[in-house]
Amino acid sequence: MDKTPPPLIPGTLYLVATPIGNLEDITLRALRVLRECDVVAAEDTRRTGQLLKHFEISKPLLSYFQFNEAKRSEEILERLKRGEKVALVTDAGTPGISDPGERVVRAAVAAGQRVEAVPGPCALVAALTASGLPTDEFHFIGFLPHKSGQRRKQLEALKSFAGTLALYESPYRIEKLLGELNEVFPDRTLVLARELTKKFEEFLRGTPAELLALVAKRSLKGEFVVLVSGEVAKVAEDGGESPAGEVVSN
Ligand code: SAM
């Protein structure tokens, strides 16, 4: 392991992962990059400003979300071309995973600029690894489209996928999603990973119907990653290895 951190490289876009709830999850490298960069490009400057303040970092902030799509990346690219070191952060987690960071990275790569990942928290990885579902093969869907027909079509297309499915969902649509999963994947085991790394973190495990019954009794708030056991994992359960009976939480 290299003990001397190298200086930041001019003209590089650093993708800095930030906590998804627990501020202790920031990495030493993330803090150094945020301290040493020329500018921090943020999805929400107010939110990132609070994060920087917490870690006593004072840096110019640049919003890449308040303009139209083309303009969002334009200023970042200009700065990179001038040799600036730009740290890109999103509201939480790893930039580029289901957030506007992806577009900025694509524009930077297309413009021939250097892009470097500063890995750290990611809701997908935290949920998947603690879910107890197979991690060797998984399909990350992110957010489903808003339109019901398109959502249904996308889920149907994944019916025969053998690995674990992973989705992001807002608290406003979690019940709708459970209903859809109940129709398309009634026999599978679901894991709802709620409020990861936060005070009320919990993992709820059960069939879609069992989780729907739970939601009817107790409204579920907060942020969610929803995992669906794959076709093969379902077969293993049918064989009695890991029976899904009632909602299990921890
Ligand atoms: N880039 C982020 C990442 O690395 O996880 C994800 C950004 S995406 C806009 C936000 C979604 O991630 C939320 O709607 C939720 O599905 C999931 N998420 C983020 N933080 C979470 C948390 N603490 N617990 C559960 N899910 C979370």
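What you see is a predicted model; the values in this text were computed from it and never measured. (Residues numbered from 1 in each chain as written. Predicted model: local features only at pLDDT ≥ 70, side-chain atom pairs only at ≥ 80, totals over all residues. Heavy atoms only, no water.)

**Section: the environment of Leu31**
Rules: Strands here mean DSSP runs of E at least two residues long; helices mean DSSP runs of H or I at least four residues long; both are numbered from the N terminus. Note on contacts: a residue pair is in contact if any heavy atoms of the two residues lie within 4.5 Å.
Tracing the backbone through its elements, the reader meets Leu31 in helix 1 (residues 28-36). Linking Leu31 and Thr18, residues 13 residues apart in sequence, is a C-alpha distance of 9.4 Å. With sequence-adjacent residues up to four places away left out, Leu31 is seen in contact with Ile26, Phe55 and Ile57.

**Considering the pattern of salt bridges**
For side chains of opposite charge, pairing can occur when their charged atoms come near one another. The line we're drawing: What makes a salt bridge here is a side-chain nitrogen of Lys or Arg within 4 Å of a carboxyl oxygen of Asp or Glu, nothing more.
Under the criterion given, the structure shown has 19 salt bridges. Glu156 is the salt-bridge partner of Arg152, the closest N and O atoms lying 3.0 Å from each other. You can see Arg152 and its partner Glu156 sitting in helix 6 (residues 148-156), 4 residues apart, about one turn around the helix. Three or more residues are tied together by salt bridges with common partners; here these are Arg151, Glu169, Arg173, Lys176 and Glu180.

**Here's the deal with the site of the ligand**
Applied cut-off: Whether a residue is near a molecule or strand is decided by its heavy atoms; if any one of them lies within 4 Å of it, the residue is near. In protein, a polar contact requires one atom able to donate a hydrogen and another able to accept it; more generally it is a pair of N or O atoms within 3.5 Å, and residues adjacent in sequence count only if both atoms are side-chain atoms. Here, Shrake-Rupley sampling with a 1.4 Å probe gives the accessible areas, and only protein chains in the shown set may cover a residue. Think of it as three bins: nonpolar holds Ala, Val, Leu, Ile, Met, Phe, Trp, Tyr, Cys and Pro, charged holds Asp, Glu, Lys and Arg, and polar takes everything else, Gly as well. By convention here, the domain bounds are inherited from an automatic or database domain assignment.
Residues in contact with the ligand amount to 19 residues; listed here are only the nearest, Thr94, Asp99, Tyr168, Leu196 and Phe224. A distance of 2.8 Å separates a nitrogen atom of the ligand from a polar atom in the side chain of Asp99. At 2.9 Å, a backbone N or O of Leu196 approaches a nitrogen atom of the ligand. Isolated, the ligand exposes 570 Å² of accessible area, and the fraction of that covered by the protein chains is 90%. Looking at the shell around the ligand, the elements that each hand over two or more residues are strand 7 (164-169) and strand 10 (224-228). Class assignment of the residues belonging to the shell around the ligand gives a composition of 11 nonpolar, 3 polar and 5 charged. In terms of domain composition, the shell around the ligand takes at least three residues from each of domain 1 (12-118) and domain 2 (123-249).

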